[in-house]
Amino acid sequence: MSTTSSQQLPLIFNVTQLPETFGTGHLDDLLFIFDNLDKPFSYSHGGKSTPLFPIKCESFFIIFVVEGVVDITINLREEHVQAGQLLMMMPGSIFQPKASSDDIRMFSIIVDSEFAELVRKSLRVNTVFVPRYYHHVVHTLNEATQQNCMEMFTRLKGELSGADYTGRKDVVQRYLEIWMLKNHALIDNIDKPELNKPLNRKEQIFQDFLLLLEKHYTQERSISFYASCMCLTPKYLSTIIKEVSGKHGMQWIDEFVSLEAKALLRDSVLSVKQVSDQLNFPSQSMFGRFFKKMTGYSPKQYKML
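Summarised in this report is the structure supplied together with it.

The rules behind the values
- Residues numbered from 1 in each chain as written.
- Predicted model: local features only at pLDDT ≥ 70, side-chain atom pairs only at ≥ 80, totals over all residues.
- Heavy atoms only, no water.
- Pairing = 2+ DSSP bridges.
- Helix = DSSP H or I, 4+ residues; strand = E, 2+ residues; numbered from the N terminus.
- Axes fitted to C-alpha atoms, helices over the stretch in contact; angles between N-to-C directions.
- Contact = heavy atoms within 4.5 Å.
- Phe/Tyr/Trp six-rings, centres within 6.5 Å; stacked < 30°, edge-to-face > 60°.
- Buried < 20%, exposed > 50% of the residue type's maximum accessible area, 1.4 Å probe, protein only.
- Parallel < 35°, antiparallel > 145°, perpendicular 65-115°, else oblique.
- Left-handed = near helix turned anticlockwise from the far one by under 90°.

Strand order in the open sheet formed by 6 strands is 2-3-12-7-10-13, with antiparallel pairing between adjacent strands. Each edge of the sheet is formed by a strand with only one pairing partner; in this case those strands are strand 2 (25-27) and strand 13 (136-140). The average angle at which neighbouring strand axes cross in this sheet is 10°, direction not considered. Both strand 2 and strand 3 (residues 31-35) contribute to a ladder of 3 bridges, which runs antiparallel. The residue of strand 3 that forms the bridge with glycine 25 is isoleucine 33. Lying over the sheet, helix 2 (residues 143-161) contacts strand 2, strand 3, strand 7 (60-67) and strand 12 (105-111), oriented at roughly 110° with respect to strand 3. In this fold helix 3 (residues 168-182) packs onto strand 2, strand 3, strand 7 and strand 10 (85-89), with an angle of close to 105° to the strand it touches most, strand 2.

The following block contains the structure:
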């Protein structure tokens, strides 16, 4: 595991890229925890918010807010996470912290995808580690579940901050399994009925479009492609998207591509040309014009911010 400073950290990351000094405990390259339970911080100063750059995480990311509130954008969706709520993000989510209250206290757990799958299989139950349409979800916890989460994190923190020993991986895995089993109803959204309410046809079409978009936006930027996949005409799909979301289909496509480009450009490993190629632009100059139109910056200017 790297020991570089957090300022040098690429902002497209998974557990293996996080330096030991960044958090309060880690398990090899499988699990990482950090918190500010003892030293509150804030993204706002003097009443003005100080948003960070978009970050893409290729691991499972769990945030529990103990006190205060934090505003965060995840895959272009705004979330207001407050005390007693748990935010879960799936691998591949692009998020951007916007602001937080001065009294914010929270802890986070980042879990490698393969380790998460190992935990899930050992339980033989469907959990949050199973990919689903909702690439992130915010749960409001009851007092018992909040207490369970705090106890679990305290145990993990104590285990991971101590000296390494044979079998520690198994102990940490069991802690995670116990936590999931105790909160199985929470994890499977049983207490989140709004996620399970039936959608009307137009809402379903829009959600099917978003699901396809999240899968193909780095390669396909034509509304005709998505309409064809859904056996609809481009005009009809565009009308439905506008009616349901208030934005045109091409706006959604461009914003998804722009968000990915921002996250990629903040990765110090990738050049502008590599980002352009990864997003399937015909040329670097066309990517530059697109990015300038969307952000007001050239890719090189944004990369140097």
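On to the packing of aromatic side chains, then. For the coordinates displayed, the defined rule picks out 14 aromatic pairs. Centre to centre, the rings of phenylalanine 107 and phenylalanine 153 are 4.1 Å apart; their planes meet at 10°, and the pair counts as stacked. Note that phenylalanine 107 is positioned in strand 12 and phenylalanine 153 in helix 2, a separation of 46 residues in sequence. For the residue pair phenylalanine 107 and phenylalanine 153, the accessibility class agrees, reading buried in each case. Pairing tryptophan 252 with phenylalanine 256 gives two aromatic rings, centres 6.5 Å apart and planes at 45°, and the pair type is tilted. Pair noted here: tryptophan 252 and phenylalanine 256 are both in helix 8 (residues 249-265), with a separation of 4 residues, about one helical turn. The residues tryptophan 252 and phenylalanine 256 share a single accessibility class, namely buried.

With that out of the way, let us pick up unusual backbone geometry. Phi angles above zero are rare outside glycine, and cysteine 231 is one such case at about 60°. Relative to the helices and strands, cysteine 231 is located in the loop between helix 6 (223-229) and helix 7 (234-245). Relative accessible area serves as the criterion here: at 72%, cysteine 231 is assigned to the exposed category. In this model, asparagine 280 sits at a positive phi of 65°, which is unusual for a non-glycine residue.

Moving on to the packing of helix 5 (residues 201-216) against helix 8. In the contact formed by helix 5 and helix 8, the axes pass within 11 Å of each other and the chain directions differ by 30°. The pairing of helix 5 with helix 8 is recorded here as roughly parallel in orientation. In terms of crossing hand, the pair formed by helix 5 and helix 8 is right-handed. Along the contact surface, helix 5 presents Phe206, Phe209, Leu210, Leu213 and Glu214, while helix 8 presents Gly249, Trp252, Ile253 and Phe256.

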